[in-house]
Amino acid sequence: MAKQTKKEQVLAKLDCEKLYSVEEALATLREHKSKFDETVEVAMNLGVDPRHADQMVRGMVSLPSGTGKDVKVAVFARGDNADKALAAGADKVGAEDLMEDMQAGNLDYDRVIATPDMMGVVGRLGKVLGPKGLMPNPKLGTVTPNVEQAVKDAKGGQVEYRVEKQGIIHSGIGKLSFKDADLMANFKALTEAVVKSKPSGAKGKYVRKITLTSSMGPGLKVDLAEVEGA
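Residues numbered from 1 in each chain as written. Predicted model: local features only at pLDDT ≥ 70, side-chain atom pairs only at ≥ 80, totals over all residues. Heavy atoms only, no water.

An unreviewed UniProt entry lists the chain under the name Large ribosomal subunit protein uL1, from Parerythrobacter lacustris. What UniProt states about the chain under its Sequence similarities (unreviewed entry) heading is, verbatim, "Belongs to the universal ribosomal protein uL1 family." UniProt annotates the chain under Subunit (unreviewed entry) with the comment "Part of the 50S ribosomal subunit." (UniProt positions renumbered as here; feature names shortened; annotations may be inferred.)

And the structure:
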């Protein structure tokens, strides 16, 4: 008989049908943690078909306890706005030069922000930024005259959530080394934002399943009673 992997041994000990509170799930993930500081992730299965425009779920939410991740931000801006973006902590600021840099394949960014007057330049990057989900968007606050605040939000724990083709939203909510209270606050902020983003075309049960996991840990089903309004 083949020797079980560590993950298989962990799964064998768990009740896959059990519904956990967030607190119980975090405690269980910590029992099986790896040697590195794993990211805690939430997966929400929604009753939507994102192929239809009236069933798309997408937005931004600020996680009160931050993400524990160093977020790399690029900003398209000129003049005073460029100076403000740099002062706020942007990793790269530019105009046509930044566009050419990205066209050359330098896309190691988590967020791209632009002032409205720069969209003529940014528009040429649609085929480059679009597939990576990095295209600045007014609805997400990434096309804004207030680049200073947008950079601070991105660096301070603001994350984007977007439903995938299968109707699932995945998002990290911090590190396993965070205190329970901090991870629970982030969980609440994310799930409340998704619930409030219920699209007009969603029929029947909206939040169908929530799973909490860590980078190397098992997926644990969270009791939907933990999400008000679900």
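Read on for the rest.
A.B. asks: A description of the overall build of the chain should follow, citing residues and the corresponding values.
C.D. replies: Helix and strand content of the chain: eight helices and nine strands. Projected onto its principal axes, the C-alpha coordinates of the chain cover approximately 60 × 45 × 35 Å. When the 230 residues of the chain are sorted by exposure, 45% land in the buried category. Restricting to contacts in the chain with at least 6 residues of sequence separation, those with at least 24 account for 72%. Counting every atom, the chain has about 12,200 Å² of accessible surface; 48% of that belongs to carbon and sulfur. Placing the 34 positive and 32 negative side-chain charges of the chain at their respective mean positions leaves the two points 4 Å apart. (Helix = DSSP H or I, 4+ residues; strand = E, 2+ residues; numbered from the N terminus. Buried < 20%, exposed > 50% of the residue type's maximum accessible area, 1.4 Å probe, protein only. Contact = heavy atoms within 4.5 Å. Areas by Shrake-Rupley, 256 points an atom, 1.4 Å probe, with all protein chains shown as cover. Lys, Arg positive; Asp, Glu negative; His and termini not counted. Charge placed at Lys NZ, Arg CZ, Asp CG, Glu CD.)

A.B. asks: Requested: an account of helix 8 (residues 180-196), with residues and values cited.
C.D. replies: In an α-helix there are 3.6 residues to a turn, and that puts residues three or four apart on one side. With 17 residues, helix 8 extends 24 Å between its outermost C-alpha atoms, agreeing within 8% with the 24 Å of an ideal straight helix rising 1.5 Å per residue. Leu183, Asn186, Phe187, Ala189, Leu190, Thr191, Ala193, Val194 and Val195 are the residues of helix 8 that are buried. If you follow the buried residues of helix 8, they end up packed against helix 2 (22-31), strand 1 (39-46), strand 2 (58-62), strand 6 (158-162), strand 7 (168-175) and strand 8 (207-214). (Expected span 1.5 Å × (residues − 1).)

A.B. asks: I'd like to hear about the packing of helix 3 (residues 79-88) against helix 7 (residues 147-156), residue by residue, with values.
C.D. replies: Here helix 3 crosses helix 7 at 25 degrees, and the two axes come no closer than 8 Å. The angle between the axes of helix 3 and helix 7 places the two elements in the roughly parallel class. Helix 3 and helix 7 meet at a crossing whose hand is right-handed. On helix 7, the residues touching Asn81, Lys84, Ala85 and Ala88 of helix 3 are Val147, Glu148, Val151 and Lys152. Taken together, the residues that form the contact of helix 3 with helix 7 break down as four nonpolar, one polar and three charged. (Axes fitted to C-alpha atoms, helices over the stretch in contact; angles between N-to-C directions. Parallel < 35°, antiparallel > 145°, perpendicular 65-115°, else oblique. Left-handed = near helix turned anticlockwise from the far one by under 90°. Nonpolar A, V, L, I, M, F, W, Y, C, P; charged D, E, K, R; others polar.)

A.B. asks: Give a description of the pattern of salt bridges that names residues and reports values.
C.D. replies: Applying the stated criterion to the full structure yields eight salt bridges. Across the pair Asp180 and Arg30 runs a salt bridge, and its minimum N-O distance is 2.4 Å. Placement of Asp180 in helix 8 and of Arg30 in helix 2 is noted, with a sequence separation of 150 residues between them. Among the residues examined, Asp180 registers a relative accessible area of 24% and is labelled partly exposed. (Salt bridge = Lys/Arg side-chain N within 4 Å of Asp/Glu carboxyl O.)

A.B. asks: Tell me about the packing of helix 2 against helix 8, and name the residues and values.
C.D. replies: Look at helix 2 against helix 8: their axes get within 10 Å of each other, and the N-to-C directions meet at 125 degrees. As judged from the angle between their axes, helix 2 and helix 8 are oblique. In this structure, the crossing between helix 2 and helix 8 has a hand that is right-handed. In this structure, helix 2 contributes Val22, Glu23, Leu26 and Arg30 to the contact, and helix 8 contributes Asp180, Leu183, Met184 and Phe187. For the contact of helix 2 with helix 8, a count of residues per class yields five nonpolar, no polar and three charged.

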